[in-house]
Amino acid sequence: MRIDIITVVPDLLKSPFEASILQRAIKKGLVEVHLHNLRDYTDDNYKQVDDYQFGGGAGMVMMIEPIDKCITKLKSERNYDEVIYMTPDGETLNQKTANKLSLLENIIILCGHYKGVDQRVRDHFITREISIGDYVLSGGELGAAVLCDAVIRLIPGVLGNETSALTDSFQDNLLAPPVYTRPAEYKGWEVPEILTSGNLPKIEEWREEQAMERTRRLRPDIFEQE
Ligand code: ADE
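Everything numeric in this text was worked out from a predicted model, so none of it was measured.

Some details on the site of the ligand
So, step 1. Within the structure, the ligand sits among Met86, Thr87, Pro88, Ile130, Ser131, Ile132, Gly133, Tyr135, Val136, Leu137, Gly139 and Gly140.
So, step 2. Backbone polar atom of Thr87 to a nitrogen atom of the ligand: 3.3 Å apart, as the coordinates give it.
So, step 3. A distance of 3.0 Å separates a nitrogen atom of the ligand from a polar atom in the backbone of Leu137.
So, step 4. Relative to its unbound accessible surface of 260 Å², the ligand loses 97% to contact with the protein.

Let's talk about the nonpolar core
So, step 1. Core analysis: the largest hydrophobic core is formed by 30 residues, its most contacted members being Ile3, Ile5, Phe17, Val31, Ile109, Leu147 and Ile152.
So, step 2. Elements that contribute at least two residues to this core include exactly β1 (2-7), α1 (20-27), β5 (82-92), α3 (95-101), β6 (106-111) and α5 (141-152).
So, step 3. In terms of residues, this core owes the most to one element, α5, which gives 7 residues.
So, step 4. With sequence-adjacent residues up to four places away left out, Ile152 is seen in contact with Ile3, Phe17, Leu22, Ala25, Val31, Val33 and Val158.
So, step 5. One finds Met62, Val83, Val117 and Ile126 within the second-largest nonpolar core, a separate group that totals 19 residues.

A short note on the side chain of Thr7
So, step 1. Among the structural elements, Thr7 can be located in strand β1.
So, step 2. At 2.7 Å, the side chain of Thr7 forms a polar contact with the backbone nitrogen of Val9.
So, step 3. Ignoring anything within four residues of it in the chain, the contact list for Thr7 reads Leu13, His36, Asn37, Leu38, Cys111 and Glu141.

The rules behind the values
- Residues numbered from 1 in each chain as written.
- Predicted model: local features only at pLDDT ≥ 70, side-chain atom pairs only at ≥ 80, totals over all residues.
- Heavy atoms only, no water.
- Near = heavy atom within 4 Å.
- Polar contact = N/O pair within 3.5 Å; in protein donor to acceptor, adjacent residues only side chain to side chain.
- Areas by Shrake-Rupley, 256 points an atom, 1.4 Å probe, with all protein chains shown as cover.
- Core = buried A, V, L, I, M, F, W, Y, C linked by side-chain atoms within 4.5 Å.
- Buried < 20%, exposed > 50% of the residue type's maximum accessible area, 1.4 Å probe, protein only.
- Helix = DSSP H or I, 4+ residues; strand = E, 2+ residues; numbered from the N terminus.
- Contact = heavy atoms within 4.5 Å.

If you want it as C-alpha cells, here you go:
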C-alpha cells in the first residue's frame, strides 16, 4: 500500500512513522508513506497556500491551486483508489472503514487547515471525507496519523501475530474481553481462574461472554452498527 499525505505542516507527521509498528511496516516494505509539503506547489515568493474567504468572515481558506497541482501530479504518476480529506464534518472513522481502506493500493490524504479548503477542492478532487471524532483539531495532520495507524496495522504481515488484529475491539462489532499477564496474583488481586485452567474451549467461551457483557454495558450503540 502507498499513502501520499498532503500537508502544510509535514513536521507534525514525521514522528508517527518513525517508531514502533508503523516504522516496522515501512521497513518491511508493506507500506510506503510519502509526505508532500503543499508550499512546494506554490509559485509565489511567499509560498502562499491560504487566502481570505469570499463574502468575508474570520479565518483563512486553503486555496485550490496548490492542492490541484499536487493532486494532479500524483495522479499522473499512478492511479489512486481514494482521495481522502481529513475534516471534522466528514464521516466518523470506525473499524469498518479502516478495514476497507487497508485493502486499497494507493490513497491520498489531504490535511485541512485554517477554516478548511475551498469547497471546489471537495467537489472535484475528494472522494471521501473522514473525521476522527466530534471535536475540532488545529489541522487534519493528527487525524491523518490516527487514520494511517488504524489502517496500516491491518495490512497483512504488519502485526507479528496475524490473528491479533482479528481479536481487537470492534472487529466483530464487540469490545475486546479483558486480558491479563503474570503474575497470576498481585497484592491479592487475582486473575480469573478460568484463564489459568488450560481449558481452551472454556476460555474461548469465557472471552466471548466477557466481550458481549462489556459491549452491552459500555457501548450498546455498536451492537446496532451494520
Ligand atoms: N481536522 C480538524 N478536526 C478534525 C477531526 N476531528 N477529524 C479529522 N480532521 C480534522
